[in-house]
Amino acid sequence: MNDFHPKLRTPICEKLGIDYPIIQTGMGWVSTAKLTAATSATGAIGFLATATQTFAEMKSSVREIQELTGNPFGINVRTDSPDIEERLDWAIKAGINVVSFAQAPKPEMVKKLSDSGIITIPTIAARRHAEKVAEWGVDAVIAQGQEGGGHTGEVPTSVLIPQVTKAIDIPVFAAGGITDGRGLVASLAWGAQGIAMGTRFLLSSESDVPAEIKQAYFNAMVTDTIRTKSIDGVPQRVINSEMVQNLEKNRYLKFPRALTNALKFRQATSTPLSDLFKEALAMRKNQNMTWAQIALAANAPMLTKATMVDGNHKIGIMPTGVGLGVIESAPTVSEIVEEIMKEASQCLSDLSSTEEIE
Ligand SMILES: Cc1cc2nc3c(=O)[nH]c(=O)nc-3n(C[C@H](O)[C@H](O)[C@H](O)COP(=O)(O)O)c2cc1C
(Lines give C-alpha, C1' and ligand atoms only; values in the text may rest on other atoms or scores of the structure.)
Protein backbone atom coordinates (compact mmCIF):
# COMPACT_ATOMS: atom_id res chain seq x y z
CA MET A 1 0.00 0.00 0.00
CA ASN A 2 1.00 3.68 -0.39
CA ASP A 3 2.54 5.99 2.14
CA PHE A 4 -0.12 7.53 4.29
CA HIS A 5 -0.25 10.59 6.53
CA PRO A 6 2.30 10.13 9.38
CA LYS A 7 -0.30 11.09 12.00
CA LEU A 8 -2.06 7.79 11.19
CA ARG A 9 0.85 5.77 12.54
CA THR A 10 -0.19 6.07 16.17
CA PRO A 11 1.89 4.61 19.06
CA ILE A 12 -0.41 1.56 19.42
CA CYS A 13 0.66 0.44 15.91
CA GLU A 14 4.19 -0.08 17.22
CA LYS A 15 2.98 -1.95 20.29
CA LEU A 16 0.76 -4.29 18.25
CA GLY A 17 3.28 -4.65 15.42
CA ILE A 18 0.80 -3.43 12.80
CA ASP A 19 0.97 -0.81 10.02
CA TYR A 20 -2.52 0.68 10.25
CA PRO A 21 -4.53 1.60 13.38
CA ILE A 22 -7.53 -0.47 12.35
CA ILE A 23 -9.03 -3.45 14.17
CA GLN A 24 -11.40 -5.97 12.61
CA THR A 25 -13.25 -7.02 15.73
CA GLY A 26 -14.26 -10.50 16.87
CA MET A 27 -17.72 -11.33 15.51
CA GLY A 28 -19.37 -14.60 16.48
CA TRP A 29 -19.86 -16.92 13.45
CA VAL A 30 -18.49 -14.15 11.16
CA SER A 31 -14.83 -13.42 11.89
CA THR A 32 -13.50 -16.78 10.78
CA ALA A 33 -9.88 -17.77 10.23
CA LYS A 34 -10.21 -16.65 6.60
CA LEU A 35 -11.46 -13.13 7.41
CA THR A 36 -9.07 -12.68 10.34
CA ALA A 37 -6.00 -13.78 8.36
CA ALA A 38 -6.99 -11.62 5.38
CA THR A 39 -7.34 -8.53 7.61
CA SER A 40 -4.07 -9.12 9.41
CA ALA A 41 -2.31 -9.69 6.08
CA THR A 42 -3.22 -6.12 5.03
CA GLY A 43 -1.27 -4.61 7.94
CA ALA A 44 -4.39 -3.90 10.04
CA ILE A 45 -5.29 -6.49 12.71
CA GLY A 46 -8.02 -9.14 12.64
CA PHE A 47 -9.61 -10.93 15.61
CA LEU A 48 -10.86 -14.51 15.38
CA ALA A 49 -14.27 -15.07 17.00
CA THR A 50 -13.79 -18.01 19.36
CA ALA A 51 -16.82 -17.40 21.61
CA THR A 52 -18.93 -19.43 19.21
CA GLN A 53 -16.30 -22.13 18.62
CA THR A 54 -15.51 -25.33 20.46
CA PHE A 55 -11.98 -25.51 21.84
CA ALA A 56 -11.01 -27.89 19.00
CA GLU A 57 -12.39 -25.47 16.38
CA MET A 58 -10.53 -22.60 18.01
CA LYS A 59 -7.24 -24.51 17.85
CA SER A 60 -7.64 -25.43 14.22
CA SER A 61 -8.68 -21.86 13.25
CA VAL A 62 -5.63 -20.42 15.03
CA ARG A 63 -3.35 -22.84 13.18
CA GLU A 64 -5.06 -21.94 9.90
CA ILE A 65 -4.43 -18.22 10.48
CA GLN A 66 -0.81 -18.88 11.40
CA GLU A 67 -0.37 -20.74 8.12
CA LEU A 68 -2.01 -17.93 6.12
CA THR A 69 -0.15 -14.97 7.59
CA GLY A 70 2.87 -14.26 9.74
CA ASN A 71 1.35 -10.94 10.85
CA PRO A 72 -0.06 -10.35 14.34
CA PHE A 73 -3.70 -11.26 14.98
CA GLY A 74 -5.95 -11.60 17.99
CA ILE A 75 -8.56 -13.92 19.41
CA ASN A 76 -11.86 -12.85 20.98
CA VAL A 77 -12.75 -15.13 23.89
CA ARG A 78 -15.89 -15.78 25.90
CA THR A 79 -14.82 -15.12 29.48
CA ASP A 80 -17.52 -17.35 30.96
CA SER A 81 -16.67 -20.43 28.86
CA PRO A 82 -16.35 -23.39 31.23
CA ASP A 83 -12.96 -24.18 29.65
CA ILE A 84 -11.70 -20.61 29.50
CA GLU A 85 -8.62 -21.32 31.63
CA GLU A 86 -7.52 -24.16 29.33
CA ARG A 87 -8.17 -21.98 26.30
CA LEU A 88 -6.05 -19.14 27.68
CA ASP A 89 -3.23 -21.52 28.65
CA TRP A 90 -3.28 -22.91 25.13
CA ALA A 91 -3.35 -19.39 23.61
CA ILE A 92 -0.25 -18.47 25.61
CA LYS A 93 1.62 -21.53 24.32
CA ALA A 94 0.36 -21.05 20.75
CA GLY A 95 1.97 -17.59 20.57
CA ILE A 96 -1.24 -15.56 20.26
CA ASN A 97 -0.40 -11.85 20.18
CA VAL A 98 -3.57 -10.21 21.45
CA VAL A 99 -6.74 -11.23 23.30
CA SER A 100 -10.07 -9.38 23.32
CA PHE A 101 -13.10 -10.38 25.35
CA ALA A 102 -16.72 -11.06 24.47
CA GLN A 103 -17.76 -10.08 28.02
CA ALA A 104 -15.94 -8.19 30.76
CA PRO A 105 -12.65 -9.94 31.57
CA LYS A 106 -11.68 -10.89 35.12
CA PRO A 107 -8.60 -9.27 36.71
CA GLU A 108 -6.89 -12.69 37.08
CA MET A 109 -7.28 -13.31 33.34
CA VAL A 110 -5.72 -9.97 32.49
CA LYS A 111 -2.82 -10.67 34.84
CA LYS A 112 -2.22 -14.16 33.53
CA LEU A 113 -2.15 -12.97 29.91
CA SER A 114 -0.07 -9.86 30.63
CA ASP A 115 2.47 -11.89 32.63
CA SER A 116 2.87 -14.07 29.53
CA GLY A 117 3.42 -11.05 27.27
CA ILE A 118 -0.01 -11.14 25.61
CA ILE A 119 -1.67 -7.79 24.87
CA THR A 120 -5.21 -7.48 26.28
CA ILE A 121 -7.86 -5.23 24.72
CA PRO A 122 -11.34 -5.50 26.29
CA THR A 123 -14.35 -3.71 24.86
CA ILE A 124 -16.04 -1.23 27.19
CA ALA A 125 -19.20 0.84 26.76
CA ALA A 126 -18.97 3.24 29.70
CA ARG A 127 -16.28 5.42 31.30
CA ARG A 128 -16.39 3.61 34.66
CA HIS A 129 -15.74 0.26 32.96
CA ALA A 130 -12.78 1.77 31.12
CA GLU A 131 -11.35 3.04 34.41
CA LYS A 132 -11.82 -0.35 36.06
CA VAL A 133 -10.09 -2.41 33.34
CA ALA A 134 -7.30 0.19 33.07
CA GLU A 135 -6.63 -0.37 36.79
CA TRP A 136 -6.40 -4.12 36.14
CA GLY A 137 -3.55 -3.45 33.70
CA VAL A 138 -5.09 -4.00 30.24
CA ASP A 139 -3.01 -2.58 27.40
CA ALA A 140 -5.76 -0.73 25.50
CA VAL A 141 -9.54 -0.67 25.23
CA ILE A 142 -12.08 -0.72 22.43
CA ALA A 143 -14.65 1.89 23.46
CA GLN A 144 -17.88 1.02 21.71
CA GLY A 145 -20.70 3.52 21.39
CA GLN A 146 -24.31 2.43 21.18
CA GLU A 147 -24.29 2.69 17.37
CA GLY A 148 -22.17 -0.49 17.32
CA GLY A 149 -23.25 -3.97 16.28
CA GLY A 150 -23.99 -6.91 18.57
CA HIS A 151 -24.13 -6.38 22.33
CA THR A 152 -23.76 -2.68 22.89
CA GLY A 153 -24.08 -0.01 25.56
CA GLU A 154 -26.13 3.14 25.63
CA VAL A 155 -23.67 6.04 25.27
CA PRO A 156 -23.29 7.38 21.70
CA THR A 157 -19.84 7.05 20.11
CA SER A 158 -19.40 10.84 19.80
CA VAL A 159 -19.83 11.23 23.57
CA LEU A 160 -18.17 8.02 24.78
CA ILE A 161 -14.83 8.32 22.98
CA PRO A 162 -13.82 11.82 24.20
CA GLN A 163 -15.10 10.91 27.66
CA VAL A 164 -13.03 7.70 27.85
CA THR A 165 -9.85 9.12 26.30
CA LYS A 166 -9.94 11.89 28.91
CA ALA A 167 -10.46 9.43 31.76
CA ILE A 168 -7.72 6.85 31.08
CA ASP A 169 -4.06 6.99 29.94
CA ILE A 170 -3.97 3.81 27.86
CA PRO A 171 -4.70 3.72 24.10
CA VAL A 172 -8.33 3.69 22.99
CA PHE A 173 -9.79 2.27 19.78
CA ALA A 174 -13.08 3.95 18.85
CA ALA A 175 -15.95 1.69 17.76
CA GLY A 176 -19.63 1.93 17.00
CA GLY A 177 -20.94 2.97 13.60
CA ILE A 178 -17.51 3.74 12.13
CA THR A 179 -17.04 2.68 8.51
CA ASP A 180 -14.61 5.03 6.76
CA GLY A 181 -11.51 7.24 6.81
CA ARG A 182 -13.36 10.30 8.04
CA GLY A 183 -14.50 8.21 11.00
CA LEU A 184 -10.84 7.40 11.67
CA VAL A 185 -9.87 11.09 11.64
CA ALA A 186 -12.83 12.00 13.89
CA SER A 187 -11.75 9.25 16.30
CA LEU A 188 -8.19 10.62 16.40
CA ALA A 189 -9.64 14.08 17.10
CA TRP A 190 -11.54 12.58 20.05
CA GLY A 191 -8.25 11.30 21.43
CA ALA A 192 -8.39 7.69 20.19
CA GLN A 193 -5.39 5.95 18.61
CA GLY A 194 -7.37 3.96 16.08
CA ILE A 195 -10.70 2.46 15.11
CA ALA A 196 -12.34 -0.94 15.57
CA MET A 197 -15.02 -2.05 13.12
CA GLY A 198 -17.31 -5.05 12.90
CA THR A 199 -20.05 -4.33 10.38
CA ARG A 200 -17.64 -2.83 7.78
CA PHE A 201 -15.65 -6.11 7.73
CA LEU A 202 -18.76 -8.30 7.89
CA LEU A 203 -19.60 -6.75 4.51
CA SER A 204 -16.34 -7.71 2.78
CA SER A 205 -15.64 -10.32 0.15
CA GLU A 206 -13.61 -12.46 2.59
CA SER A 207 -16.56 -12.68 4.99
CA ASP A 208 -18.43 -15.94 4.40
CA VAL A 209 -21.83 -14.54 5.44
CA PRO A 210 -24.21 -15.91 2.76
CA ALA A 211 -24.96 -13.56 -0.16
CA GLU A 212 -28.68 -13.42 0.65
CA ILE A 213 -27.95 -12.24 4.18
CA LYS A 214 -25.38 -9.69 2.97
CA GLN A 215 -28.10 -8.40 0.65
CA ALA A 216 -30.43 -7.91 3.64
CA TYR A 217 -27.71 -5.69 5.18
CA PHE A 218 -27.38 -3.69 1.95
CA ASN A 219 -31.16 -3.25 1.74
CA ALA A 220 -31.38 -1.90 5.30
CA MET A 221 -31.23 1.84 5.98
CA VAL A 222 -29.51 3.59 8.89
CA THR A 223 -32.86 3.60 10.72
CA ASP A 224 -33.56 -0.11 10.18
CA THR A 225 -31.62 -1.37 13.21
CA ILE A 226 -32.84 -1.78 16.77
CA ARG A 227 -31.10 -2.08 20.14
CA THR A 228 -33.15 -4.81 21.76
CA LYS A 229 -33.08 -6.93 24.91
CA SER A 230 -35.62 -9.36 23.47
CA ILE A 231 -33.06 -11.80 22.03
CA ASP A 232 -31.00 -12.73 25.08
CA GLY A 233 -31.86 -10.22 27.78
CA VAL A 234 -28.80 -8.01 27.12
CA PRO A 235 -29.07 -4.98 24.79
CA GLN A 236 -27.99 -6.04 21.33
CA ARG A 237 -28.10 -4.07 18.06
CA VAL A 238 -29.52 -6.07 15.14
CA ILE A 239 -31.45 -5.48 11.94
CA ASN A 240 -35.07 -4.89 12.90
CA SER A 241 -36.28 -8.00 11.04
CA GLU A 242 -39.73 -9.54 11.24
CA MET A 243 -38.43 -12.11 13.75
CA VAL A 244 -37.06 -9.34 15.98
CA GLN A 245 -40.30 -7.38 15.72
CA ASN A 246 -42.16 -10.51 16.85
CA LEU A 247 -39.78 -11.01 19.74
CA GLU A 248 -40.26 -7.38 20.71
CA LYS A 249 -44.00 -7.95 20.77
CA ASN A 250 -43.39 -10.77 23.27
CA ARG A 251 -44.28 -13.53 20.86
CA TYR A 252 -41.53 -15.84 21.98
CA LEU A 253 -40.65 -19.15 20.41
CA LYS A 254 -42.64 -21.98 21.93
CA PHE A 255 -40.76 -23.25 24.95
CA PRO A 256 -40.18 -26.89 23.80
CA ARG A 257 -38.65 -25.76 20.50
CA ALA A 258 -36.54 -23.12 22.18
CA LEU A 259 -35.33 -25.72 24.68
CA THR A 260 -34.45 -28.25 21.94
CA ASN A 261 -32.36 -25.62 20.15
CA ALA A 262 -30.72 -24.57 23.41
CA LEU A 263 -29.68 -28.18 24.01
CA LYS A 264 -28.30 -28.42 20.48
CA PHE A 265 -26.15 -25.35 21.11
CA ARG A 266 -24.95 -26.90 24.35
CA GLN A 267 -23.77 -29.96 22.42
CA ALA A 268 -22.06 -27.90 19.71
CA THR A 269 -20.10 -25.89 22.26
CA SER A 270 -19.56 -28.77 24.71
CA THR A 271 -21.08 -26.73 27.53
CA PRO A 272 -21.89 -29.08 30.43
CA LEU A 273 -25.63 -29.31 31.11
CA SER A 274 -25.02 -28.18 34.69
CA ASP A 275 -23.44 -24.94 33.39
CA LEU A 276 -26.41 -24.31 31.10
CA PHE A 277 -28.79 -24.67 34.05
CA LYS A 278 -26.57 -22.48 36.24
CA GLU A 279 -26.63 -19.81 33.52
CA ALA A 280 -30.40 -20.17 33.15
CA LEU A 281 -30.96 -19.82 36.90
CA ALA A 282 -28.69 -16.76 37.08
CA MET A 283 -30.52 -15.18 34.13
CA ARG A 284 -33.86 -15.85 35.77
CA LYS A 285 -32.67 -14.35 39.05
CA ASN A 286 -30.88 -11.31 37.63
CA GLN A 287 -33.04 -10.41 34.70
CA ASN A 288 -36.55 -11.32 35.60
CA MET A 289 -37.04 -13.34 32.40
CA THR A 290 -39.65 -16.00 31.74
CA TRP A 291 -38.45 -19.60 31.19
CA ALA A 292 -39.31 -19.36 27.48
CA GLN A 293 -37.19 -16.19 27.25
CA ILE A 294 -34.36 -17.95 29.06
CA ALA A 295 -34.48 -20.92 26.70
CA LEU A 296 -34.38 -18.44 23.83
CA ALA A 297 -31.47 -16.56 25.38
CA ALA A 298 -29.44 -19.75 25.82
CA ASN A 299 -30.42 -20.49 22.25
CA ALA A 300 -29.61 -17.05 20.78
CA PRO A 301 -26.20 -18.05 19.37
CA MET A 302 -27.87 -20.90 17.41
CA LEU A 303 -30.42 -18.48 15.96
CA THR A 304 -27.60 -16.15 14.93
CA LYS A 305 -25.75 -19.10 13.39
CA ALA A 306 -28.85 -20.19 11.45
CA THR A 307 -28.93 -16.71 9.91
CA MET A 308 -25.29 -15.73 9.53
CA VAL A 309 -23.84 -19.15 8.59
CA ASP A 310 -26.70 -21.20 7.17
CA GLY A 311 -28.36 -18.22 5.44
CA ASN A 312 -31.80 -18.84 6.94
CA HIS A 313 -33.32 -15.49 6.15
CA LYS A 314 -36.57 -16.24 7.96
CA ILE A 315 -34.83 -16.63 11.31
CA GLY A 316 -33.41 -13.16 10.78
CA ILE A 317 -31.08 -12.52 13.74
CA MET A 318 -28.56 -10.18 12.10
CA PRO A 319 -26.29 -8.26 14.51
CA THR A 320 -25.19 -4.95 13.00
CA GLY A 321 -23.99 -1.43 13.65
CA VAL A 322 -25.96 1.51 12.26
CA GLY A 323 -23.12 1.97 9.76
CA LEU A 324 -24.76 -0.64 7.52
CA GLY A 325 -26.91 2.20 6.18
CA VAL A 326 -23.92 3.84 4.47
CA ILE A 327 -22.18 0.68 3.23
CA GLU A 328 -23.02 -0.11 -0.37
CA SER A 329 -20.73 -2.96 -1.37
CA ALA A 330 -18.52 -5.77 -0.11
CA PRO A 331 -14.99 -5.12 -1.41
CA THR A 332 -11.92 -7.10 -0.29
CA VAL A 333 -10.56 -6.29 3.17
CA SER A 334 -7.41 -4.96 1.50
CA GLU A 335 -9.54 -2.47 -0.49
CA ILE A 336 -11.43 -1.50 2.68
CA VAL A 337 -8.24 -0.81 4.65
CA GLU A 338 -6.55 1.03 1.77
CA GLU A 339 -9.61 3.20 1.11
CA ILE A 340 -9.89 4.14 4.80
CA MET A 341 -6.19 5.04 5.02
CA LYS A 342 -6.37 7.07 1.78
CA GLU A 343 -9.48 8.95 2.84
CA ALA A 344 -8.09 9.65 6.32
CA SER A 345 -4.78 10.88 4.85
CA GLN A 346 -6.59 13.20 2.46
CA CYS A 347 -8.84 14.45 5.22
CA LEU A 348 -5.88 15.25 7.51
CA SER A 349 -4.06 17.08 4.69
CA ASP A 350 -7.19 19.09 3.87
CA LEU A 351 -7.68 20.01 7.52
CA SER A 352 -4.08 21.19 7.95
CA SER A 353 -3.95 23.01 4.60
CA THR A 354 -3.50 26.77 4.87
CA GLU A 355 -5.50 27.39 1.69
CA GLU A 356 -8.70 29.27 2.35
CA ILE A 357 -11.89 27.28 2.24
CA GLU A 358 -14.14 28.63 -0.48
C1 LIG B 1 -22.33 -10.16 13.58
C2 LIG B 1 -21.66 -9.62 14.82
C3 LIG B 1 -21.22 -10.52 15.78
C4 LIG B 1 -20.56 -10.03 16.92
N5 LIG B 1 -20.05 -10.94 17.82
C6 LIG B 1 -19.22 -10.51 18.82
C7 LIG B 1 -18.51 -11.45 19.62
O8 LIG B 1 -18.61 -12.67 19.46
N9 LIG B 1 -17.67 -10.95 20.57
C10 LIG B 1 -17.51 -9.59 20.76
O11 LIG B 1 -16.72 -9.20 21.64
N12 LIG B 1 -18.19 -8.69 20.03
C13 LIG B 1 -19.02 -9.12 19.05
N14 LIG B 1 -19.65 -8.19 18.23
C15 LIG B 1 -19.33 -6.75 18.38
C16 LIG B 1 -18.16 -6.39 17.45
O17 LIG B 1 -17.01 -7.07 17.85
C18 LIG B 1 -17.84 -4.89 17.41
O19 LIG B 1 -17.49 -4.44 18.70
C20 LIG B 1 -18.95 -4.05 16.80
O21 LIG B 1 -19.43 -4.68 15.64
C22 LIG B 1 -18.46 -2.64 16.46
O23 LIG B 1 -19.48 -1.85 15.91
P24 LIG B 1 -19.73 -1.69 14.32
O25 LIG B 1 -20.40 -2.94 13.90
O26 LIG B 1 -20.60 -0.49 14.23
O27 LIG B 1 -18.40 -1.52 13.65
C28 LIG B 1 -20.37 -8.63 17.11
C29 LIG B 1 -20.85 -7.75 16.14
C30 LIG B 1 -21.47 -8.21 15.00
C31 LIG B 1 -21.95 -7.23 13.96
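Above this text is the structure in question.
Anyway, here's the lowdown on the structure attached to this text. (Residues numbered from 1 in each chain as written. Predicted model: local features only at pLDDT ≥ 70, side-chain atom pairs only at ≥ 80, totals over all residues. Heavy atoms only, no water.)

Comments concerning the pattern of salt bridges
- Counted by the stated rule, this structure contains 12 salt bridges.
- The residue Arg 9 makes a salt bridge to Glu 14 at a minimum N-O spacing of 3.7 Å.
- Residue Arg 9 is classed as partly exposed on the basis of its relative accessible area, which comes to 43%.
- Overall, Glu 14 belongs to the exposed group, its relative accessible area being 61%.
- Among the ionic contacts, a cluster of salt bridges with common partners joins Arg 9, Glu 14 and Asp 19. (Salt bridge = Lys/Arg side-chain N within 4 Å of Asp/Glu carboxyl O. Buried < 20%, exposed > 50% of the residue type's maximum accessible area, 1.4 Å probe, protein only.)

Some remarks on the sheet that holds strand 7 (residues 141–144)
- Reading across from one edge, 5-4-3-2-1-10-9-7-6 is the order of the 9 strands in this open sheet, with parallel pairing throughout. For this open sheet the edge positions go to strand 5 (119–120) and strand 6 (123–124), each flanked by a neighbour on one side alone.
- Contacts from helix 8 (residues 181–189) reach strand 9 (172–175) and strand 10 (194–197), with the element oriented near 130° to strand 10. (Pairing = 2+ DSSP bridges. Helix = DSSP H or I, 4+ residues; strand = E, 2+ residues; numbered from the N terminus. Contact = heavy atoms within 4.5 Å. Axes fitted to C-alpha atoms, helices over the stretch in contact; angles between N-to-C directions.)

Considering the pairing of strand 2 (residues 45–49)
- Counting buried positions along strand 2 yields 5 of 5 residues, so the element is predominantly enclosed.
- Taking every second residue as pointing to the same face, both faces of strand 2 are buried, with Ile 45, Phe 47 and Ala 49 on one and Gly 46 and Leu 48 on the other.
- Pairing of strand 1 (residues 22–24) with strand 2 involves 2 bridges; the strand directions are parallel. Considered in strand 2, the bridge of Ile 23 is made with Ile 45.
- Between strand 1 and its parallel partner strand 2, the chain crosses via helix 2 (residues 33–42), and the hand of that crossover is right-handed.
- One ladder, built from 3 bridges, connects strand 2 with strand 3 (residues 74–77); its direction is parallel. Paired with Ala 49 across the strands is Asn 76, a residue of strand 3. (Right-handed = clockwise from strand over helix to strand, strands pointing away.)

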